[in-house]
Amino acid sequence: MFIKIFQILFLISTIAAGMSPEEKAQLRLQVIDMFKHAFGSYMKYAYPADELMPLSCKGRYRGSETSRGDIDDALGNFSLTLVDSLDTLAVLGMFDEFEHAVRRVIQHVSFDRDVIVSVFETNIRMIGGLLGGHISAKYINSRHPLRLSWYRDELLVLAHDLGLRLLPAFNTTSGLPLPRVNLRYGIDLTLSKSERERFTCTACAGTLILEWATLSRLTGNYLFEQYADRAMSYLWERRHQQSNLMGTILNVHSGDWIVRESGIGAGIDSYYEYLFKAYILLGEKNTDYLSRFQQHYSSIMSYVQQGVAMVNVHMHQPYRLAKNHMDALLAFWPGLQVMTGDLKPAIELHEMLYQVVKKHKFLPEAFTTDYRIHWNSHPLRPEFVESTYFLYKATDDPHYLEVGRTILTNLEKHARVPCGYAALSDVSTGQHEDRMDSFVLAETFKYLYLLFDSTPHRYIDIDQFIFTTEAHLLPLNLLLFNINDTLRKEFDKQTLLSARLYEQKNLSLTERLNERRAKNNQCPAFNGQFQSHQYKEQLRRNIRGDQDMTETITTSSSITNEKRKRESRNRLTAAEFSAGDPQHVAQLTQMGIQTQTMADGIQLVHNSANAASNEDADDGLLFIQEMMELMKNVNGIGQSSSDTRHHLPLSVIPLVISPLTKLVSFTVGSAQFGKQLHGKAGIFAQLYVAQPFSACSQLFYPHHLYSRIGIVRRGDCMFIEKARQLEHVQAIGGIVIDHNASLKSSNGAIFSMTGDGNNNVHIPFVLMFKDEAFQLLHLVSKQPNLIVYIGEEKLLKESFYQQMEILESLIEPFNQTSRKWIYGQIEWFKKKNLCQIVPIQLKQLELTIHQEDNHVETEIMNKQPIIQFEHIIEANENKSAEEITSELLNSLNLTAANFGGQLNNIDSYRPAFDKMIRTALANGGANESFKSNITVKQEQQIEIPVEVTTTTTNQEESQQQTTTTTRTTDTREYTEKRSKRNDIN
């Protein structure tokens, strides 16, 4: 689905009959009173602490209270709530309080503290708060010159200082930031590898670009935007390539996914938000952000949306439900959909959330698809208010004013306490928690105020700004907020210092990202039907009821279901089926077939009652029958066809070079993707264990994997993803080590690796069971340069002779051998060529391969010769054919030859050579005894099945007029079928 961006055409509010202007104004004043109660309580009882404890009427300092775990990572003893509230004071028109608060921050807030803080929370609350305060101060002064006339960009200086203190978090191989950093000492590299520090969430790493790009463009320090953009790009690369979904938690060093659940709630939410808003803020040139968001959005609406619910699914198997509950953070999604122009699903999802609110008074932290409470707390989150505000702004529907009234009433009735507003630990009982997060002032009351404010807004023109995920104001036109030259020069100096520190190279200031581009406001295409409140009420009415959310038929979901139904009529066959393809799994579900991953494969269960229609049920029955026949073929019960060969196992054979050791063959499972080795020559290569071992992210030391077979472990991502990583570093194949000790090739286990529906891999890929893999790794530990063969065991010999040059380069990579095949070209002998001896190890390897085959099949003699060799016979010599044969074989030092893939002693072929020589002599006009007086040299061609690596004697051409003698330093055979040999002269 492609989302169109349009200029804002928000309608000038005309108050509908549902709420009078007086009522709306009264609600606006009530919000101001509520904010003053909360903010005043913080300043009276908590400042300069980070947060207010509304039940205890005191402040919460970092380390002064019992630890709440990760929640406390937002605290840094830097007056968090005051900074987070700055631009809310400006939006509400409380200019005196705002100016006073700015002075306090400038005078008392410092970041030179030995405290470890969350990079994510510190960015969105503190850097965002400082930037929002700075922008508000400049904006107010530009319109009211007597106000803040003393302000000299001090908040921007603080934001820049804090940004520099967060930069060490990006000291990772992936470019993703570590989740925490010490404001004074940076990163402890030892601790950064610990279990707690090496994992981060998608939103944590992907919610920086708005604040950091703004910071770069206001200060000229390009590093902030560069690092934030790099993190966003790396996250995009880590998406699932087929589903285009993101997981929730990943390793910041390797990029491996730790939690592969995908949704739009906790752990992912603001990553999607910042992709779209980054495009709005940074201008037309940054179309990558929009393109990425479009692809994500299309997948979310295809997989995550089920009915009216937005559930969590597995990113690699998006039709599999990960859990049956949703969290409150997803309530931001309708507001984002409004910005993208997708109003229908925004209205429907918001209405579902409103039904939860009406049932429980607040939105619980998590709730089930049948509207029950899953986690019963509520920290007065702003996301539902945010979406309510954007929907009202886009539709002018008074329904959303009534929703706002409900929220306001519940806050006042159930959350207000004498010292502020307290979070609820249980929405069902109304029990309070001694907690008032800074976002209550930064977001919840800000969005409530804007909902009931008049349009245009009284104090700040909101349409000239974009909201961060913490509702801080960032200007769409950054050019309006320039800084003085003195401060600019100071920022330039710090940019150079930080560049040398973090980039480890000198960079010119001309490389700064200083392009400024103002953009018009963004909003949905306003369809005429949305002017009808009756139409919007019809959409909402469809959501109301007691049915499960996932079973609610929405406008968008019904279209999707109909599309899927049309597509399903092209029935999937068993031979086409790939368990890793979400479309295939969806078609099976349509046919009433459920898939379940087992320890040793995939279980398919067909139930006609679960099929979408009678026709689909019949298709499902046919599919199961086909699969049973296919499995018979795979297990050798039936005749396997070329279409199902990729299900058959292959062999991995370590080439241990020893004439006393038999080769060991390991049976391995093949892949349904990549290069297929069935019925064709296999591959030879050395091995290298990939790092990271899972091969689910960018591989280290790619030069070690170049032209080798990579060994990886099973797990963490799909097989085909591992193959793509290996192919990216130019490995020529891959072996996956299984982790299931119960599966062994010896007990008949069969495994065929499936792809994901996009077969863009071109290297062979096999799976080796655990026991056999340990044996292989043991061999590699003894012989680091061990060569292995992957392919069909019966084609080992043929593959050996076809790839001798490759094998020789692996055995002796610096052996400068010059070889020539001789096809009747006498001129070759006249050249001076020096060819080194074929490596002894290659000869030993050849003998090892053939040690079990020492017999000769007589019918081989009737086959066509495969290599033509030119030998010169002097016609004035009186020799028999037998003597010439002996002389030929002795001069070539032939001991063995190969016909039809069999290596045999050369004496077995003497009769054949005698016969060919007699024929050649007879055709040349000479008798067997050579009693002719012919003095000219006659050249005859004899074809024998050998490759000759030769050294010519250092004779002048004049000395070769009567005879040419060759001496071979070694021989080897080569199997190559040729067309009918040339007629012998």
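Preceding block: the structure.
Quick notes on the rules
Residues numbered from 1 in each chain as written. Predicted model: local features only at pLDDT ≥ 70, side-chain atom pairs only at ≥ 80, totals over all residues. Heavy atoms only, no water. Helix = DSSP H or I, 4+ residues; strand = E, 2+ residues; numbered from the N terminus. Expected span 1.5 Å × (residues − 1). Buried < 20%, exposed > 50% of the residue type's maximum accessible area, 1.4 Å probe, protein only. Polar contact = N/O pair within 3.5 Å; in protein donor to acceptor, adjacent residues only side chain to side chain. Pairing = 2+ DSSP bridges. Axes fitted to C-alpha atoms, helices over the stretch in contact; angles between N-to-C directions. Disulfide = S-S within 2.5 Å. Salt bridge = Lys/Arg side-chain N within 4 Å of Asp/Glu carboxyl O.

Asks: How should I be thinking about helix 5 (residues 119–143) in this particular structure?
Replies: Since there are 3.6 residues in each turn of an α-helix, residues three or four apart along the chain are aligned in direction. The end-to-end C-alpha separation of helix 5 is 35 Å, in line with the 36 Å expected for 25 residues at 1.5 Å each. Within helix 5, 20 of the 25 residues are buried, which leaves it mostly tucked inside the rest of the structure. With a side-chain oxygen positioned 3.4 Å from the backbone nitrogen of F120, the residue opening helix 5 is S118.

Asks: Help me understand the sheet that holds strand 9 (residues 261–262) in this model?
Replies: Pairing between sheet strands relies on hydrogen bonds along the backbone, with the strands arranged either parallel or antiparallel. Pairing in this open sheet of three strands is antiparallel, and the strands run 9-12-13 from one edge to the other. Bordering the open sheet on either side are strand 9 and strand 13 (317–323), each of which pairs with just one other strand. When strand 9 meets strand 12 (residues 312–314), the two strands line up antiparallel, connected through two bridges. The residue bridging E261 from the neighbouring strand is H314, located in strand 12.

Asks: Even after reading the chapter, I still don't get the sheet that holds strand 8 (residues 257–259), so can you show me in this structure?
Replies: Overall, antiparallel pairing links the three strands, which are arranged 6-7-8 in an open sheet. Each edge of the open sheet is held by one strand with a lone partner, namely strand 6 (199–201) and strand 8. Strand-to-strand, the axes of this sheet are offset by a mean angle of 35°, without reference to chain direction. The pairing of strand 7 (residues 249–251) with strand 8 spans two bridges and is antiparallel. Note on strand 8: the bridge partner recorded for I249 is V259.

Asks: What is the right way to read the state of the cysteines from this model?
Replies: As used in these notes, a disulfide is a covalent bond between sulfur atoms, one from each of two cysteines. Considering all chains together, one arrives at three disulfides under this definition. Sulfur-sulfur distance for the disulfide between C57 and C419 comes to 1.9 Å. Taking the torsion about the S-S bond as the criterion, the C57 to C419 disulfide, at about 90°, is right-handed. Of this pair, C57 sits in the loop between strand 2 (51–53) and strand 3 (58–60) while C419 sits in the loop between strand 17 (416–417) and strand 18 (420–421), and the two are 362 residues apart along the sequence. Judged by its relative accessible area of 29%, C57 falls in the partly exposed class.

Asks: Where do I start with the pairing of strand 27 (residues 666–670) in this structure?
Replies: Within a regular strand, the side chains alternate between the two sheet faces. The buried fraction of strand 27 amounts to four of the five residues, a majority that puts the element mostly inside the structure. Pairing geometry for strand 26 (residues 650–654) and strand 27, over three bridges, is antiparallel. Bridging across to strand 27, S651 finds its partner in T667.

Asks: Can you walk me through the environment of Q844 in this structure?
Replies: Along the chain, the position of Q844 falls in helix 27 (residues 840–850). In the structure, Q844 is positioned 188 residues away from V656 in sequence and 9.8 Å away in space, judged by C-alpha atoms.

Asks: What should I look at first to understand the environment of D188 in this one?
Replies: Structurally, the position occupied by D188 is in the loop between strand 5 (180–182) and strand 6. Here D188 falls in the partly exposed class, since its relative accessible area comes to 42%. Taking the C-alpha atoms as reference points, D188 and P168, separated by 20 residues in sequence, lie 9.7 Å from one another.

Asks: Sorry if this is basic, but what is going on with the pattern of salt bridges here?
Replies: If the charged atoms of two oppositely charged side chains come close together, the side chains can form a pair. Following the criterion strictly, the structure yields 32 salt bridges and no others. Where salt bridges share partners, they join E51, R60, R68, D72, E121 and R125 into one cluster.

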